2 protein chains.
Amino acid sequence: MTIEKNRTKDQAAIRELIDGFVKAIRAKDIHGVMSVFAPEVVSFDLSPPLQHGGGEIFVKRWQELFESYQDPIDYEVRDLSITAGDDLAFSHSLNGVSGVMKNGQKSDRWLRWTACYRKFNGKWLIVHEQVSVPVDLRSGKAVLDLKP
Amino acid sequence: MTIEKNRTKDQAAIRELIDGFVKAIRAKDIHGVMSVFAPEVVSFDLSPPLQHGGGEIFVKRWQELFESYQDPIDYEVRDLSITAGDDLAFSHSLNGVSGVMKNGQKSDRWLRWTACYRKFNGKWLIVHEQVSVPVDLRSGKAVLDLKP
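How each quantity is defined
- Residues numbered from 1 in each chain as written.
- Chains lettered and ligands numbered in written order.
- Predicted model: local features only at pLDDT ≥ 70, side-chain atom pairs only at ≥ 80, totals over all residues.
- Heavy atoms only, no water.
- 1 Å grid on protein atoms, 1.4 Å probe; cavity = no way out; pocket = protein on both sides within 12 Å on 5 of 7 lines; lining within 4 Å.
- Points joined across faces, edges and corners; volume = space filled by probe spheres on them.
- Nonpolar A, V, L, I, M, F, W, Y, C, P; charged D, E, K, R; others polar.
- Helix = DSSP H or I, 4+ residues; strand = E, 2+ residues; numbered from the N terminus.
- Contact = heavy atoms within 4.5 Å.
- Buried area = accessible area lost by both parts, 1.4 Å probe.
- Salt bridge = Lys/Arg side-chain N within 4 Å of Asp/Glu carboxyl O.
- Polar contact = N/O pair within 3.5 Å; in protein donor to acceptor, adjacent residues only side chain to side chain.

A. Broad picture of empty space enclosed by the protein. Taken as a whole and judged by the stated rule, the model has 1 cavity of 30 Å³ or more. The calculated volume of the largest cavity comes to roughly 50 Å³. Looking at the largest cavity, the residues that line it are G85, D86, D87 and L88 of chain A together with R7, G85, D86, D87 and L88 of chain B. Grouping the constituent residues of the lining of the largest cavity by class yields 2 nonpolar, 2 polar and 5 charged.

B. Unusual backbone geometry, seen in detail. Residues and elements named next belong to chain A. In the segment running from P48 into P49, the intervening peptide bond is cis, with an omega of 5 degrees. With respect to the element layout, P49 can be found in the loop between β1 (37-44) and α3 (56-68). Of note, the bond from D71 into P72 is cis; its omega dihedral lies within 30 degrees of zero at -15 degrees. Residue position: P72 is located in the loop between α3 and β2 (74-84). Although it is not a glycine, N121 adopts a positive phi angle of roughly 50 degrees. Counting through the fold element by element, N121 comes out in the loop between β4 (106-120) and β5 (123-132).

C. The interface of chain A and chain B, seen in detail. Contacts between the two partners involve 48 residues from chain A and, on the opposite side, 48 residues from chain B. Across the chain A to chain B interface the summed buried area is about 3,700 Å²; carbon plus sulfur atoms make up 66%. On the chain A side of the contact with chain B, L50, F90 and R112 of chain A bury the most area, a combined 19% of that side's loss. On the surface where chain A and chain B come into contact, there are 0 salt bridges. Summed over the shared surface of chain A and chain B, the result is 17 residue pairs in polar contact (both at pLDDT 80 or more). Take the side of chain A that touches chain B: its biggest share by element is 8 residues, from β4 of chain A.

Structure representation (structure tokens):
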């Protein structure tokens, strides 16, 4: 198999990982979500702190996110770019998350998502991610209403 | 040369690129800053829009940033992690930027920085980056006072 074919195969494997991630979020499937992350993941997440690790703290953040929405959560990935090497890869996309919050308010946000991957025994896992919205530095406000 | 040695060499080359980037920011050297980015870079930047490309728009954003500070800008990189493969790499760090703004106000912020690199003819360049601060989703405010 040529290197180019392997790269296409690796890109396809990462696309599949992301598809599974999206499906797991929609289904509020915490095990499905966690299965795409390496245990040692470093996350620069949407809300404080500046950074956090994997494990229990990460599970708790996802559970709180799930609990803040009434069913179902809608989640979609746009403008996805995947770059894959032999055992490292990265992707970036604009991820739309929308739904009705527990307090009845409708929420519809687009997040910027960068994910960095390593291949462990043939399986790709996310070892780092950054999730954010832009901020208006004059007002100090997060800009939550931008659309791709 | 073994693969491990090449990786160490690639990590060192990326560390050097980041050192040069930091020096260029401190010196308000726009050419030095631009030299670390590939022309086709996709940036998920601190302030809107959601994403922008390289070229003139990118130069203008950096120039406006430089002009918003009185001399000198202080810039430092902490908790730097670099993962390098043969021709792809990624890094993440917490970047402190501080100085006195043109309006006399002191500014001191820590940014989360993720950079993704490709090697072009032996030279590493940033093809994607994300820069952000966390946001408090209850208040809708950017959280600008976190320290690593």
